[in-house]
Amino acid sequence: MHLRLIVPTDRTDLVVDTLVGDARVTNVVVLRGAAKRPAGDVVQCDVTREATSDILSWLKTQGLYDDGAVALSGVDAAPSRNAWHTEEAAPGAPDDAVVWDAVVDQGYAEARGSWAFYAFLTLATMIAAIAVVTDSAILVVGAMVVGPEFGVVAALALGLALGRRKLAAQSLILLAKGFLVAILLTIGAALLARAAGWIDVGDVTAARPLTGFIWRPDRWSAVVAVLAGCAGVLSQTAGRSNALVGVFISVTTVPAAGDLALSTAVWAPSQVGGSAAQLGINLAGMTCAGVATLLVQRLLWRWTRTG
């Protein structure tokens, strides 16, 4: 991980000496007087992922979070020999290390919400509704990938796991508002399609061998939601974005929202209840699994530090 610090001048020597003296840190660069806002010295270094949380915790005790600045980014490749030696000095595997400050910062960013979040969730829900009408498994997968909701679910789990009530409340409100807006807009679009004669209740109640599972939750719905929640949180804390794509196409949140909106528009009450249950089961399962995964990671992190 690459750290870029702005250090108050009266603490620069201490910070630099500490970083240079840590075998898990390398490529230390000091630019005295280079920072203008906030004013101070710029210190840059590369830190093994396993040591990043320790370094950040120490920097916080030195007041850099309040009096200076801390920026963190990933290093895609570090093929130099000194980088290899630095990695060897850090026990454990990089993927097992959690940079908690970065995870929390990402959680707050996800819970902040944006027009893009509402737009993508609405578009995904509309695609899912079309998938129901056409009984298309490919469109279901497409709707799952477009849906942006997992980042907010992960933020909710993070807030609950770490006792950050504000983060949990923001995430829960954003999820509720996001799905409400997406479902209402999809209902409106479905009503227009119904008025134009494009769809009717038969399109929803007819046999759908490829998409009927959306409104028929069962025990496997809960199992998949739990497994996806664990995998999703692990992919975010370990920085494995490829695994997160797999989570997107495994959970039936957006498809259930699309089925719920379409069933409401043409009024198929049996499917309204089933779709709502599927949506609730998936969101609850992912959240609970995410909380459990984060708590286990937190315990393992503390055990590793004390051990």
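Counting from 1, residues in each chain are numbered in the order their sequence is written. Predicted model: local features are reported for residues with pLDDT of at least 70 only, side-chain atom pairs are reported and counted for 80 or more only, and whole-chain, interface and lining totals are derived from all residues. Side-chain calculation: all heavy atoms of the structure are included, whereas hydrogens and water are not.

Visitor: What should I look at first to understand the overall build of the protein chain in this one?
Guide: Along the backbone of the protein chain there are 14 helices and four strands. Along the first, second and third principal axes, the C-alpha atoms of the protein chain reach 75 × 40 × 35 Å. Out of the 307 residues in the protein chain, the part that is buried amounts to 46%. Residues count as neighbours in contact if any of their non-hydrogen atoms are within 4.5 Å of one another. A separation of at least 24 residues holds for 78% of the contacts in the protein chain among residues at least 6 apart in sequence. Surface exposure of the protein chain reaches about 15200 Å², of which carbon and sulfur atoms provide 64%. Strands here are runs of E lasting at least two residues and helices are runs of H or I lasting at least four, both read from the DSSP assignment and numbered beginning at the N terminus. Residue exposure (1.4 Å probe, protein chains only): buried if accessible area is under 20% of the type maximum, exposed if over 50%, otherwise partly exposed. We get accessible surface area from the Shrake-Rupley algorithm with a probe of 1.4 Å; when it comes to residues, only the shown protein chains can shield them.

Visitor: Which parts of the structure should I look at to understand a nonpolar patch on the surface?
Guide: Together, W220, V223 and L227 line one region of the surface with nonpolar side chains, adding up to about 340 Å² of accessible area. Take W220: it is sitting in helix 11 (residues 219-237). Looking at W220, the relative accessible area reads 57%, which means it is exposed. Without a salt bridge and with relative accessible area above 30%, a residue can belong to a patch; like charges are then joined within 9 Å and nonpolar side chains (Val, Leu, Ile, Met, Phe, Trp, Tyr) within 5 Å. Salt bridge, as used here: a side-chain nitrogen of Lys or Arg that lies within 4 Å of a carboxyl oxygen of Asp or Glu.

Visitor: In this structure, what is going on with unusual backbone geometry? I would like to understand it.
Guide: Among all residues except glycine, the phi angle is most often negative; among peptide bonds, the trans geometry is most common. Residue R37 is joined to P38 through a cis peptide bond whose omega torsion reads -5°. Looking at the element boundaries, P38 is found in the loop between strand 2 (25-36) and strand 3 (39-47). Even without being glycine, N27 reaches a positive phi, approximately 55°. When you line up the elements, N27 lands in strand 2. Judged by its relative accessible area of 36%, N27 falls in the partly exposed class. Of note, the phi angle at W267 is positive, near 55°, even though the residue is not glycine.

Visitor: Any chance you could explain the confidence of the model for the protein chain here in plain terms?
Guide: Detail in the predicted coordinates should be disregarded across regions flagged by low pLDDT. In predicted models, pLDDT denotes the confidence assigned by the predictor to each residue on a 0 to 100 scale. Here the protein chain averages 90 in pLDDT, while 94% of its residues score no lower than 70. Per-element averaging of pLDDT across the protein chain places helix 12 (residues 241-248) at the bottom with 58 and strand 1 (residues 2-7) at the top with 97.

Visitor: What exactly am I supposed to notice about the pairing of strand 1 here?
Guide: In the case of a regular strand, side chains alternate between the two sheet surfaces. In this structure, strand 1 lies alongside strand 3, joined through six bridges in antiparallel fashion. Across the sheet, residue L3 finds its bridge partner in strand 3, namely C45. Here five bridges tie strand 1 to strand 4 (residues 69-73), and the two strands are oriented antiparallel to one another. Bridging from a neighbouring strand, L3 pairs with L72 of strand 4. For two strands to be treated as a pair, DSSP must find at least two bridges joining them.

Visitor: Help me out: how do you make sense of the sheet that holds strand 2 in this one?
Guide: Paired through backbone hydrogen bonds, the strands of a sheet run either parallel or antiparallel to each other. The strand order across the open sheet formed by four strands is 2-3-1-4, and the pairing between neighbours is antiparallel. Only two strands of the sheet have a single partner each, and these edge strands are strand 2 and strand 4. Pairwise comparison of adjacent strand axes, ignoring direction, gives a mean angle of 15° for this sheet. Strand direction decides the pairing type here: strand 2 and strand 3, joined by seven bridges, are antiparallel. Paired with K36 across the bridge in strand 3 is A39. Along the sheet, helix 1 (residues 12-21) contacts strand 1, strand 2 and strand 3; its crossing angle with strand 2, the most-contacted strand, is approximately 165°. Convention adopted: a line fitted to C-alpha atoms gives each axis, helices being fitted over their contacting stretch, and angles between N-to-C directions are expressed from 0 to 180 degrees.

Visitor: Help me understand the UniProt feature "transmembrane region" (unreviewed entry) in the protein chain, please; the structure alone is not making it clear to me.
Guide: UniProt positions are given in the numbering used here, feature names are shortened, and annotations may be inferred rather than shown by experiment. When the UniProt feature table is mapped to this numbering, "transmembrane region" (unreviewed entry) covers residues 115-133, 139-162, 174-199, 219-236, 243-267 and 279-301. Its end C-alpha atoms 37 Å apart, residues 139-162 is made of 92% helix and 0% strand.

Visitor: I tried to follow the side chain of T12 on my own but got confused; where do I start?
Guide: One can find T12 in helix 1. A distance of 3.3 Å separates a polar side-chain atom of T12 from the backbone oxygen of P8. Not counting residues within four places of it along the chain, the set of residues in contact with T12 comprises V7, V30, R32, D41 and V43. In the analysis that follows, any N or O atom pair within 3.5 Å is treated as a polar contact, provided that within protein one partner can donate a hydrogen and the other can accept it, and provided that, for residues neighboring in sequence, both atoms belong to side chains.

Visitor: For this particular structure, what's the right way to read helix 7 (residues 137-146)?
Guide: Note on helix geometry: an α-helix contains 3.6 residues per turn, so any two residues three or four positions apart are oriented the same way. The complete set of buried residues in helix 7 reads V140, A143 and M144. What you see down the axis of helix 7 is that its buried residues fit within an arc of 100°, all on one side. It is the directions from the helix axis to the C-beta atoms whose arc is reported.

Visitor: Help me understand the packing of helix 5 (residues 100-112) against helix 9 (residues 165-195), please; the structure alone is not making it clear to me.
Guide: Where helix 5 contacts helix 9, the two axes come as close as 8 Å, and the packing angle between them is 35°. In this structure, helix 5 crosses over helix 9, and the sense of that crossing is left-handed. The residues of helix 9 that touch helix 5, namely those facing G107, Y108, E110 and A111, are L167, Q170, S171 and L174. Side-chain classes are defined by residue name, with Ala, Val, Leu, Ile, Met, Phe, Trp, Tyr, Cys and Pro counting as nonpolar, Asp, Glu, Lys and Arg as charged, and the others, Gly among them, as polar. Taken together, the residues of the contact of helix 5 with helix 9 break down into four nonpolar, three polar and one charged. Left-handed describes a crossing whose near helix is turned anticlockwise from the far helix by less than a right angle; the clockwise case is right-handed.

Visitor: Sorry if this is basic, but what is going on with the environment of V133 here?
Guide: By the element assignment, V133 lies in helix 6 (residues 115-134). In this structure, the C-alpha to C-alpha distance between V133 and A157, residues 24 residues apart in sequence, is 33 Å. Ignoring any residue separated from it by four or fewer positions in sequence, one finds V133 in contact with I199, D203 and L262.

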